[in-house]
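Inside the fold
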Amino acid sequence: MIEQAEELLLVLDDKLSKTISVLKEEYSAVRAGRANPHVLDKVTVDYYGVATPVTQTASVSVQEGRCLVIAPWDTSILKNIEKAIQLSNIGITPTNDGKAIRLVFPELTEERRKELCKQIRKMGEDAKVAARNNRRDAMDGIKKLKNDKTLSEDEAAGCEKDVEKSVSDAIAKIDAAVSAKEKEIMTV
């Protein structure tokens, strides 16, 4: 196999692994009834004029499985953190005791669990679409090499099989991540 075809396959594998890691990162932010510090990953607070992630301005700890305690290193930004959490739309109202902010995660209802499962399936489907788009790009690259007479028919067919196998493996990993997250959410 020639260098350009190998490079196409390496780029494809890299894109597919990034797609899977992005999906898993998104899943870590989905709350499943337990306190999870990752729900704060995208929440930023105005810290001396700079938009800074909450996790970089305070220590975040889990208490009793269902309560997150956010203790800022500088208590003067307590109100800013509280406001940022309210504006972030994570669905939990913060309580401020003057020294720390507490986020109590309510028990999920059956309806909310099903809603989260739909959201998870949609994220999984989006990841599969991204994987299929990567397959299309790789196949187009192989066709171009074949049309330029850089690859023979047999080499192109071999490359296409490798692309299909890589994409099938990635989609299987996506399906596994979806079912694992669904199982986690539906477990009471």
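If you're wondering where the values come from, they're calculated on a predicted model, not measured in any experiment. (Residues numbered from 1 in each chain as written. Predicted model: local features only at pLDDT ≥ 70, side-chain atom pairs only at ≥ 80, totals over all residues. Heavy atoms only, no water.)

**Thoughts on the pairing of strand β2 (residues 50-53)**
Counted only if it meets this: For two strands to count as paired, DSSP must find a minimum of two bridges between them. Elements are defined by DSSP. Helices are runs of H or I of four residues or more, strands are runs of E of two residues or more, and each kind is numbered from the N terminus.
Note: strand β1 (residues 44-47) against β2, 4 bridges, orientation antiparallel. Directly across from Val45, in β2, lies its bridge partner Thr52. Linking β1 to β2, which pair antiparallel, is a turn of 2 residues; within it Tyr48 sits at a positive phi near 55 degrees.

**Regarding the sheet that holds strand β5 (residues 95-96)**
Test applied: Working rule for contacts: check all heavy atoms of both residues, and any pair within 4.5 Å makes them a contact. Axis lines are fitted through C-alpha atoms, for helices just across the contact stretch, and the angle between N-to-C directions can take any value from 0 to 180 degrees.
Taken together, 4 strands build an open sheet; the order of strands is β3-β4-β6-β5 and the sheet is antiparallel. Of all strands in the sheet, those with a lone pairing partner are β3 (58-63) and β5, marking the two edges. Here 4 bridges tie strand β4 (residues 67-72) to strand β6 (residues 101-104), and the two strands are oriented antiparallel to one another. Each residue of the ladder has a partner; that of Leu68, found in β6, is Leu103. Relative to β6, helix α2 (residues 78-87) is tilted by about 25 degrees, and along the sheet it contacts β3, β4, β5 and β6.

**As for helix α1 (residues 3-29)**
For clarity, the cut-off: Expected span of a helix: the number of residues minus one, times 1.5 Å. Burial classification: accessible surface area is computed with a 1.4 Å probe over protein chains only, and a residue below 20% of its type maximum counts as buried, one above 50% as exposed, and the rest as partly exposed.
End to end, α1 covers 39 Å across 27 residues, agreeing with the expected 39 Å (1.5 Å per residue, within 8%). Among the residues of α1, Ala5, Leu9, Leu12, Leu16, Thr19, Ile20, Leu23 and Tyr27 are the ones counted as buried. Among the structural elements, α3 (110-147) and α4 (153-186) are those in contact with the buried residues of α1.

**Some thoughts on the nonpolar core**
In plain terms, the rule: Residues enter a nonpolar core if they are buried and are Ala, Val, Leu, Ile, Met, Phe, Trp, Tyr or Cys, with the set joined through side-chain atoms within 4.5 Å.
By size, the foremost hydrophobic cluster in this structure holds 30 residues, and its most contacted members are Leu23, Tyr27, Leu151 and Val163. Of all the secondary structure elements, the ones that give two or more residues to this core are α1, α3 and α4. Excluding residues that lie within four positions of it along the chain, Leu23 makes contacts with Met123, Gly124, Ala127, Ile174 and Ala177. With 19 residues, the next largest nonpolar core counts Val39, Leu40, Val43 and Ile81 among its residues.

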